[in-house]
Amino acid sequence: MEYRRFGRLGYQVSEVGYGMWGIAGGEGGWSGADDVTGREALAESIRHGCNFFDTAWIYGRGHSEELLGQLLEEHQEKRLYVATKIPPKDRKWPSTRDSRLADVFPEDHILEYTRKSLDGLGTESIDLLQFHVWEDSWADDPQWQDPIRRLKDEGVVKGVGISVNRWEPTNVLKTLDTGLVDAVQVIYNIFDQAPEDELFAACQERDIAVIARVPFDEGTLTGTLTHETTWPEDDWRSSYFVPENLHASVDRADRLKKVVPADMTMPELALRFILRHPAVSTVIPGMRSVRHVAANLGVSGAEPLSPELYAELRRHRWDRTPTAWSQ
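Residues numbered from 1 in each chain as written. Predicted model: local features only at pLDDT ≥ 70, side-chain atom pairs only at ≥ 80, totals over all residues. Heavy atoms only, no water.

(A) Seen up close, the overall build of the protein. The secondary structure content of the protein amounts to 13 helices and 10 strands. Computed over its C-alpha atoms, the radius of gyration of the protein comes to 19 Å, within 12% of the 20 Å expected for a compact globule of 327 residues. If one aligns the C-alpha atoms of the protein with their principal axes, the spans along those axes are about 55 × 45 × 40 Å. Restricting the contact set of the protein to residue pairs at least 6 apart, pairs at least 24 apart contribute 77%. Only carbon and sulfur atoms are counted for the fraction: they give 47% of the accessible area of the protein, which is about 13500 Å². (Helix = DSSP H or I, 4+ residues; strand = E, 2+ residues; numbered from the N terminus. Rg over C-alpha atoms; globule rule 2.2 N^0.38 Å. Contact = heavy atoms within 4.5 Å. Areas by Shrake-Rupley, 256 points an atom, 1.4 Å probe, with all protein chains shown as cover.)

Written out as C-alpha cells, the structure is:
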C-alpha cells in the first residue's frame, strides 16, 4: 500500500481508503449488507495496509460507526484514521440554495451528533469530522464556526471537512477561505472531472486534503450494469438509477469499455485515473466483500496510466447538474 500526505493535517493515509456506506445497510442504503461479511472485509483491508476509513452517522443510523469502532478496538496497535459525518438535521440530501443553516446544522445539532459519533466509535476524538451536505452561502455564519472552533480547541475534533453535494464541486470555495476546513470530499471519477476545473487548485493552494468519493459512479464504472438492471425497492440505487439515468450511464460505460486495456478491469482503470491526480489524498471505494477489498486495494502503487490512455479517458468527461433523482 502506498500512502499520501493528508493535507495540512499531516496524516499519512492509504491512497486507497475504505468507503463504508455500502456495508451498513438500513433505510436509504444499499441492500445485501450483513455484518459478518462487512467485518471480514474490514479486517481484510487492514491486512492490505488500509488505514483510512470514511463513515457517517446516517450509514445505518450509527451502525457503520459501531462496526468501525469494533475494528479500532481490535487493532489498537495500528494508527487508523477515522472520518465521519454529521447528518443534516432536516434529513435532506442534498441541501439546496433555499436551505437555512439553522435548519440543517444548528450549533446544538453539531455538538449532539459529534457526541453520538464519539460514542459509536468508542474514541475520545475524531480525526476528521465532516458536514454531510453544504451550501457555500453558509461560509461566514458563526452558527457552525463557533462550535467547530470549540470542538477543535477541546481536542475532540482534530480536523474538519466538507462533503460537497453531488455535481457541485464549486459550492465550497468561499468556505475554504475561512481557514476552518482541512479536507474536502467530492465526487471525482472518469465521468465527473469537474473538480479539476477550480476545486483541486484551490485545495492545493491551501494545503487542504481531497477525498475522492464515488470512484465507480455508483456502479456504472464497474461495467456490470445493463439497461435491465434493477434493485430492491428499499435500495438507494433504485431511486438514483431511474431509466433516464440508468440508460445514459450504461451507454457511456459501454463506450468506455472499448478503451479498457486487455490486462486491466474497468474498476482498476477507474481507480488509477483518480490516483493520477496529485491533489487527491485518498480515494474511498465502497468495499462490501473480501473480493472487493483485494481488487481495489491492490491498485495502490500501480504505474501511472500512459499519457495516451489518460488523454483518451479525459474525453469521457460527463458534466451533469443536480436533478430530482440525484440525491
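Here the narrative resumes, following the displayed structure.
(B) How the structure looks around the confidence of the model for the protein. The share of residues in the protein with pLDDT of 70 or more is 97%, and the mean pLDDT across the chain is 95. Across the protein, element-level confidence peaks in strand E9 (residues 209-213) with a mean pLDDT of 99 and bottoms out in helix H1 (residues 21-24) with 78. (pLDDT = per-residue confidence, 0-100.)

(C) Quick peek at a negative patch on the surface. Taken together, the side chains of Glu107, Asp108, Glu112 and Asp146 present a region of like negative charge at the surface. The leading source of residues in the negative patch is helix H5 (residues 107-121), at 3 residues. Note on placement: Glu112 falls in helix H5. (Patch = residues over 30% accessible without salt bridge, like charges linked within 9 Å, V, L, I, M, F, W, Y side chains within 5 Å. Salt bridge = Lys/Arg side-chain N within 4 Å of Asp/Glu carboxyl O. Lys, Arg positive; Asp, Glu negative; His and termini not counted. Charge placed at Lys NZ, Arg CZ, Asp CG, Glu CD.)

(D) Just the pattern of salt bridges, in detail. Applying the stated criterion across every chain, the model contains 25 salt bridges. The salt bridge involving Lys174 is made with Asp140; its shortest N-O contact spans 3.4 Å. Pair noted here: Lys174 is in helix H7 (residues 173-176) and Asp140 is in the loop between strand E6 (128-131) and helix H6 (142-153), with a separation of 34 residues, a long-range link. Among the residues examined, Lys174 registers a relative accessible area of 43% and is labelled partly exposed. Given a relative accessible area of 53%, Asp140 falls into the exposed group. The closest approach of N and O atoms between Arg166 and Glu218, which form a salt bridge, is 2.8 Å. Taken together, the residues Arg166 in the loop between strand E7 (160-163) and H7 and Glu218 in the loop between E9 and helix H9 (236-240) connect sequence positions 52 residues apart. With relative accessibility at 8%, the residue Glu218 sits in the buried group. Residues participating in the shared-partner salt-bridge network are Arg8, Lys152 and Asp182. (Buried < 20%, exposed > 50% of the residue type's maximum accessible area, 1.4 Å probe, protein only.)

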